[in-house]
Amino acid sequence: MPTISLCMIVKNEEKNIVRCLDSVADLVDEIIIVDTGSTDRTVEAASGYTKKVYVYPWTDDFSEARNYSFSKASMDYCMWLDADDILEKKEHEKFLQLKESLSKSTDIVMMKYNTAFDEAGNPSFSYFRERWIRNSSKYRWIGEVHEVIPPNGSVIYSDIAVSHKKMDAGNPDRNLKIYQKMLTSGKTLEPRQQYYYGRELYYHKQYEEAVCVFEKFLLSAEGWIENKIEACSICANCYLHLGKEDSALTTLLRSMSFDLPRAELCCEIGKYFLEHGNFQNAVYWYETALNTPKNEYSGGFILPDCYDYIPLLQLCVCYDKIGDRQKAEEYNEKAGICKPYSKAYLYNKRYFDSLKNP
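Residues numbered from 1 in each chain as written. Predicted model: local features only at pLDDT ≥ 70, side-chain atom pairs only at ≥ 80, totals over all residues. Heavy atoms only, no water.

Undergrad: Would you take a moment to explain the overall build of the chain for this structure?
TA: Counting its secondary structure elements, the chain contains 14 helices and eight strands. Here the chain has a C-alpha radius of gyration of 23 Å; the compact-globule value for 358 residues is 21 Å, and the two agree. Of all 358 residues assigned to the chain, the portion counted as buried reaches 49%. The contacts in the chain between residues at least 6 apart in sequence include a share of 66% that link residues at least 24 apart. Of the accessible surface of the chain, which amounts to about 17400 Å², a share of 51% is contributed by carbon and sulfur atoms. Counting 44 positive and 53 negative side-chain charges, the chain places the centres of these two groups 1 Å from one another. (Helix = DSSP H or I, 4+ residues; strand = E, 2+ residues; numbered from the N terminus. Rg over C-alpha atoms; globule rule 2.2 N^0.38 Å. Buried < 20%, exposed > 50% of the residue type's maximum accessible area, 1.4 Å probe, protein only. Contact = heavy atoms within 4.5 Å. Areas by Shrake-Rupley, 256 points an atom, 1.4 Å probe, with all protein chains shown as cover. Lys, Arg positive; Asp, Glu negative; His and termini not counted. Charge placed at Lys NZ, Arg CZ, Asp CG, Glu CD.)

Next comes the structure, spelled out in structure tokens:
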């Protein structure tokens, strides 16, 4: 059975680190903690789980710190977690089973990363990340921000999920400042970095600048397809904030020049037409979303609700606007099957009941 080194980089995480380590300490064979400058009790808390706690000066480079943590590992595989990640109890048995059954030829294990949750605690945003990586100099992190290990060798996908559950907002300006520092120092952003830099500008409501970055990225012959498609979505939102609605729609449709439609983009196009009162066009795009297969292994960001619940709920709204109450109610009931606890579904249900019993 392979052995696993849990490798973490942390800073001022005393609120999170105990919860994180409690969720996984019994499953791994070694814990490596690299502290990058905590001023709270993080180091003291981590020391209760492992003697392998190291101090490493922060240089505005996540890859550098993560690679340092990997360099201290002595087990067969390195596993990374952030301090606000946890492995839910329901995942533990699958985790142990994978350890027991893992082929010796496996280089990287991709696991689901659930980073947002609905009102019932079910994942509403997820994607796959490299989670177990063979302990070898071949596998190293790249990228100062939004760091990644380029997949190669024998890669397998597991349905084990790590849940990212923040207890506070953290530093919202950190990533943007790192990118700006890189640019000021004369560095040229690679396509993947351009995409993430554009996202940071968008989050900071710097829409004009974000559009310029995204348009440059989209015009480049380089760059990952999933990033291009997501860039179309965010760039379209920038155009909407700038009052350029035609450009927003054009950019959403442009996503299909890179690959087949994604349900996430179809829902956004449907929303555009719904908000503009073009209900028939909205129906077309929401129905397209319903009929779009979900490819969880593409590596892109997945919004599960865009493949059933959201288009069903919005089709209810569209048909109600058109005047077809029967169809509207049918779609609402289908949305309720997906999420019987949904406030929107329950509100609509009361609405339809009131029409029957005025």
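Undergrad: I tried to follow the environment of His 204 on my own but got confused; where do I start?
TA: Along the polypeptide, His 204 turns up in the loop between helix H6 (191–203) and helix H7 (207–219). For the pair formed by His 204 and Lys 94, sequence separation is 110 residues and the distance between their alpha carbons is 39 Å.

Undergrad: Sorry if this is basic, but what is going on with the packing of H7 against helix H8 (residues 225–241) here?
TA: Relative placement of two packed helices is described by the angle separating their axes and the distance separating the axes. Look at H7 against H8: their axes get within 9 Å of each other, and the N-to-C directions meet at 150°. Taken as axis vectors, H7 and H8 run roughly antiparallel relative to one another. Crossing of H7 against H8: the hand is left-handed. Packed against H7, whose contacting residues are Tyr 207, Ala 210, Val 211, Phe 214, Glu 215, Phe 217 and Leu 218, the element H8 presents Asn 227, Lys 228, Ala 231, Cys 232, Ile 234, Cys 235, Cys 238, Tyr 239 and His 241 at the interface. Of the residues that constitute the contact of H7 with H8, the class distribution is 12 nonpolar, two polar and two charged. (Axes fitted to C-alpha atoms, helices over the stretch in contact; angles between N-to-C directions. Parallel < 35°, antiparallel > 145°, perpendicular 65-115°, else oblique. Left-handed = near helix turned anticlockwise from the far one by under 90°. Nonpolar A, V, L, I, M, F, W, Y, C, P; charged D, E, K, R; others polar.)

Undergrad: Sorry, what's going on with the pairing of strand S7 (residues 123–134) here?
TA: Consecutive side chains of a regular strand alternate in pointing toward one face of the sheet and then the other. S7 sits mainly inside the fold: nine of its 12 residues count as buried. Pairing geometry for strand S4 (residues 77–80) and S7, over three bridges, is antiparallel. Note that in S7 the partner of Met 79 across the bridge is Trp 132. Note that strand S6 (residues 108–117) and S7 share nine bridges and pair antiparallel. In the strand pairing of S7, Val 109 is matched with Trp 132. Linking S6 back to S7 in an antiparallel pair, the connection comprises five residues, with Gly 121 at a positive phi of about 85°. (Pairing = 2+ DSSP bridges.)

Undergrad: Help me understand helix H10 (residues 263–275) in this model?
TA: Given 3.6 residues per turn, any residue in an α-helix points the same way as the ones three and four places further on. For H10, built from 13 residues, the straight-helix expectation of 18 Å at 1.5 Å per residue is met to within 8% by its first-to-last C-alpha distance of 18 Å. Summarising burial for H10: 10 of the 13 residues are buried, a large majority. For H10, the complete set of buried residues consists of Ala 263, Glu 264, Leu 265, Cys 266, Cys 267, Ile 269, Gly 270, Tyr 272, Phe 273 and Leu 274. Buried positions along H10 lie against H8, helix H9 (245–254), helix H11 (279–290) and helix H12 (309–322). With its phi angle positive at about 75°, Gly 277 sits one or two positions after the end of H10. (Expected span 1.5 Å × (residues − 1).)

Undergrad: How do you make sense of the pattern of salt bridges when you look at a structure like this?
TA: Opposite charge on two side chains lets them pair, provided their charged atoms get close. This model, assessed by the stated rule, comprises 21 salt bridges. Between Lys 181 and Asp 60 there is a salt bridge, with the nearest N and O atoms lying 3.0 Å from each other. Linking Lys 181 in helix H5 (residues 174–184) with Asp 60 in the loop between strand S3 (53–55) and helix H3 (62–71), this pair joins segments that are 121 residues apart in sequence. Residue classification places Lys 181 among the partly exposed positions, given a relative accessible area of 46%. Close ionic contact of Glu 226 with Arg 262 constitutes a salt bridge, the shortest N to O distance being 2.5 Å. Highlighted residues: Glu 226 in helix H8 and Arg 262 in the loop between H9 and H10, separated in sequence by 36 residues. There is no split in this pair, since Glu 226 and Arg 262 are both buried. Connected through salt bridges with shared partners, the residues Arg 66, Asp 82 and Glu 147 form a single ionic network. (Salt bridge = Lys/Arg side-chain N within 4 Å of Asp/Glu carboxyl O.)

Undergrad: Is there a simple way to think about the sheet that holds strand S5 (residues 85–86) in this case?
TA: Each strand in a sheet pairs with another by means of backbone hydrogen bonds, the pair being arranged parallel or else antiparallel. Read from one edge to the other, the open sheet built from eight strands follows the order S3-S2-S1-S4-S7-S6-S8-S5, with strand pairing classed as mixed. The two strands at the open ends of the sheet, each matched to only one other strand, are S3 and S5. The sheet contacts of H3 involve strand S1 (4–10), strand S2 (30–35), S3, S4 and S7, and relative to S1 the element is tilted by about 145°. Seen against the sheet, helix H4 (residues 89–101) touches S1, S4, S6, S7 and strand S8 (155–164) and runs at an angle of roughly 150° to S8.

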